[in-house]
Amino acid sequence: MTTTPSSRSCQSSSTSTAPRLWLKQPLAIFTGNQQDARGGLVVQGSTIVELIAADSQPTGPVDQIWDARRHVLLPGLINTHHHLYQTLTRAFPPALNKRLFPWLQTLYPVWARLQPQMLHAATQLGIAELLLSGCTTVADHHYLFPQALTEAIDIQVEAASSLGARLMLTRGSMSLGQEQGGLPPQTTVQDEDTILADSERVIKRYHQHGAGSQVQIALAPCSPFSVTPQLMKDSAALARQYGVRLHTHLAETLDEDAFCLRTLGKRPLDYLASVDWLGEDVWLAHGIHFNDEEVQELGRQRMGIAHCPSSNMILASGICRTRELEAAGVHVGLAVDGSASNDGSNMIAEVRQALLINRLRYQADEVTHLDALRWATQGSARVLGRDDIGELAAGKQADVACFTLDELRFSGAHDPLAALVICGAQQADAVMVGGQWRVQQGQLLDLDVTALRQRHQQQARLIAQAS
Ligand SMILES: [Zn+2]
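None of these values were measured; they are calculated from a predicted model.

Calculation rules
Residues numbered from 1 in each chain as written. Predicted model: local features only at pLDDT ≥ 70, side-chain atom pairs only at ≥ 80, totals over all residues. Heavy atoms only, no water. Helix = DSSP H or I, 4+ residues; strand = E, 2+ residues; numbered from the N terminus. Rg over C-alpha atoms; globule rule 2.2 N^0.38 Å. Buried < 20%, exposed > 50% of the residue type's maximum accessible area, 1.4 Å probe, protein only. Pairing = 2+ DSSP bridges. Axes fitted to C-alpha atoms, helices over the stretch in contact; angles between N-to-C directions. Contact = heavy atoms within 4.5 Å. Salt bridge = Lys/Arg side-chain N within 4 Å of Asp/Glu carboxyl O. Donors = N, O, S within 2.8 Å, 3.2 Å for Na, K, Ca; no water. Tetrahedral: all angles 85-135°; square planar, octahedral: opposite > 155°, others 65-115°. Arc of directions from axis to C-beta. Polar contact = N/O pair within 3.5 Å; in protein donor to acceptor, adjacent residues only side chain to side chain. Disulfide = S-S within 2.5 Å. pLDDT = per-residue confidence, 0-100. Parallel < 35°, antiparallel > 145°, perpendicular 65-115°, else oblique. Nonpolar A, V, L, I, M, F, W, Y, C, P; charged D, E, K, R; others polar. Domains from an automatic or database assignment. Buried area = accessible area lost by both parts, 1.4 Å probe.

### Section: the overall build of the protein
A count of helical and extended segments in the protein gives 14 helices and 18 strands. In summary, the protein has a C-alpha radius of gyration of 21 Å against a globular reference of 23 Å for 467 residues, a match within 12%. Expressed along its principal axes, the backbone C-alpha trace of the protein runs to roughly 65 × 50 × 45 Å. Split into buried and exposed, the 467 residues of the protein put 62% on the buried side.

### Description of the sheet that holds strand β12 (residues 282-286)
Reading across the sheet, the eight strands line up as β7-β8-β9-β10-β11-β12-β13-β14 and stay open at both edges, with parallel pairing between neighbours. Sheet topology places β7 (77-79) and β14 (331-334) at the edges, where each strand pairs with a single neighbour. The average angle at which neighbouring strand axes cross in this sheet is 25°, direction not considered. In this sheet, strand β11 (residues 245-250) lies alongside strand β10 (residues 215-221) in parallel orientation, the contact comprising two bridges. Across the sheet, the residue bridging to L219 is L246, located in β11. Each of β8 (135-142), β9 (166-173) and β10 is contacted by helix α3 (residues 152-160), which is oriented at about 165° to β9, the strand it contacts most.

### Comments concerning the pattern of salt bridges
According to the stated counting rule, one finds 22 salt bridges in the structure shown. Taken together, the salt bridges that share partners define one network made up of D154, R171, D198, R201 and R205.

### Side note on the coordination of the zinc ion
Those protein atoms acting as donors to the zinc ion are H81 (NE2), H83 (NE2), H249 (NE2) and D337 (OD), and they sit at 2.1 to 2.6 Å. Around the zinc ion, the four donor atoms sit at angles spanning 82 to 169°, and that spread fits a shape best called irregular. Read N to C, the donor residues that coordinate the zinc ion are spaced as H-x1-H-x165-H-x87-D. Of the two residues, H83 is situated in the loop between β7 and α1 (100-111) and D337 in the loop between β14 and α11 (347-358); the sequence distance between them amounts to 254 residues.

### Some words on helix α8 (residues 292-300)
For α8, every residue scored as buried is listed here: E294, V295, L298 and G299. Buried positions in α8, seen along its axis, are confined to an arc of 140° and lie on one side of it. Exposed positions of α8 whose direction lies more than 90 degrees from the buried face are D292, E293 and R300. The backbone nitrogen of E293 has a side-chain oxygen 3.2 Å away, supplied by the residue at the start of α8, namely N291.

### Regarding the state of the cysteines
Per the counting criterion, the structure on display carries zero disulfides. Free of any disulfide, C320 has its nearest cysteine sulfur in C308, 8.6 Å distant. As a non-bridged cysteine, C423 has C402 as the owner of its nearest cysteine sulfur, 19 Å distant.

### As for the confidence of the model for the protein
The predicted model of the protein has a mean per-residue pLDDT of 93, with 96% of residues at 70 or higher. Below pLDDT 50 for its whole length, residues 1-7 participates in 14 contacts with residues either more than four positions away or in separate chains.

### Here we look at the sheet that holds strand β4 (residues 47-52)
Picture the strands of a sheet paired through backbone hydrogen bonds; they go either parallel or antiparallel. Across the sheet, which stays open at both edges, the four strands sit in the order β4-β3-β1-β5 with mixed pairing between neighbours. The outermost strands of the open sheet, each flanked by one partner alone, are β4 and β5 (64-67). With direction set aside, neighbouring strand axes in the sheet form an average angle of 25°. With five bridges joining them, strand β3 (residues 40-44) and β4 adopt antiparallel strand pairing. Residue pairing for β4: Q44 is matched across the bridge by T47.

### With respect to the environment of A251
By secondary structure assignment, the location of A251 is in the loop between β11 and α6 (254-264). Those residues within four positions of A251 in sequence are excluded, and the remaining contacts are E256, G287, I288, H289 and F290.

### Concerning unusual backbone geometry
Phi angles above zero are rare outside glycine, and D55 is one such case at about 55°. Following the sequence through the fold, D55 ends up in the loop between β4 and β5. By relative accessible area, D55 is classed as exposed at 83%. If you check the backbone angles, H286 has positive phi at about 85° while not being a glycine. Looking at where H286 falls in the secondary structure, it is placed in strand β12.

### Quick look at the packing of α3 against helix α4 (residues 192-206)
Contact pair α3 / α4: the axes reach a minimum separation of 10 Å and the direction vectors enclose 25°. By the angle between their directions, the pair α3 and α4 is classed as roughly parallel. Residues I153, D154 and V157 of α3 lie in contact with α4, whose contacting residues are R201, V202, R205 and Y206. Each residue belonging to the contact of α3 with α4 can be placed in one class, and the counts come to four nonpolar, no polar and three charged.

### Quick look at the domain arrangement of the protein
Often the size quoted for an interface is simply the accessible area lost on bringing the parts together. What the domain assignment lists for the protein is domain 1 (20-75 + 393-449) and domain 2 (77-384). Placing a centre on the C-alpha atoms of domain 1 and another on those of domain 2 gives a separation of 29 Å. Across the contact, 30 residues belong to domain 1 and 27 residues belong to domain 2. For the pair domain 1 and domain 2, the summed buried area comes to about 2300 Å², and 67% of that belongs to carbon and sulfur atoms.

The following block contains the structure:
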């Protein structure tokens, strides 16, 4: 599999000679900060160079104008947790209506058949879905490396290269098979030396540092019930040696609490502490079942939580304590998770789900549509350790999602930003990543979607065969 070489340090491609593009006078704009941008914003090269206040003009001449009067502008949405390969097993009959552990045990043997061309198609399809929903940065947690797929991260980098979304690819791992008392079948686990060697290889090969990074790598043992404590410790040491982040699933279900108490003698967060995993370089998927002391500890450590509303609802896992976590100092971001537990990859739809699930825990004036938008943008950026995205401001990357309110579902709406969330937007009209348009008029510019869908469906049939 060929791959695109990448430099390890990423500099902004914005130069003073690049054309200046004015996204002019949007219908509404959510910047994620207090600045007035009602007149739009100016993009030059890969970055935003100027926000324009209401009834104002750019400070200098512009080369192009993009009329945004029909558009609601958001910072590109940031997905903080996903499993792109699972797009191949959506709505899979044997796994329907099951709790997390039996759901996993049903699907592991199917996933063990994953082949390179399956992962390639699944990666492209999931990222395409995300881009069309206004998502510009995609974190993926890939932890399946069966015999045929030892270069899974390389395949994902190559598959994603033509689409233009920013990537946070997490090199996952499973080392605790059924023979060692874990959940996954033996054919899906790797030995720990192999895992660590490949982790170091993909960091060296693909991880970019700094503003404007297009590809980043993190290390991500799958969960407490699929790796050993030693691999958790060794992964943390390796990640810190190279300055990359750490990620895992934690506190998703009460079954997990029971498993950790039974096999490790500790609650999940105490276990993380025992393997050197508390710190601001760590983000956790789900983070539902923390008690008050654990919430405070997560805040003291400035850790991040990938809040996954749809997945948590489908698997009946529970509701993340977003307000208590944020009050304690935890960064909360948003994620579609899945795709076999969502079963979609739609970030703007997930913003609505976040608002709705939080209204089951908190009062209507305690969590608003603006909170949900903030989680999907600035909150997610912080979860991924980035300060160059997640906000519309001068100096930030020009990652912008533009939605129209032309569909029937929006007719009669009076507040455009609230309408986007509450009336249930499904698809962006235009999406820019680093100053490059990737979606226009609701269509991906760099992909034949029909051909991809055919290829993906064929691969999905293949992985499901013999089930
Ligand atoms: Zn997950």
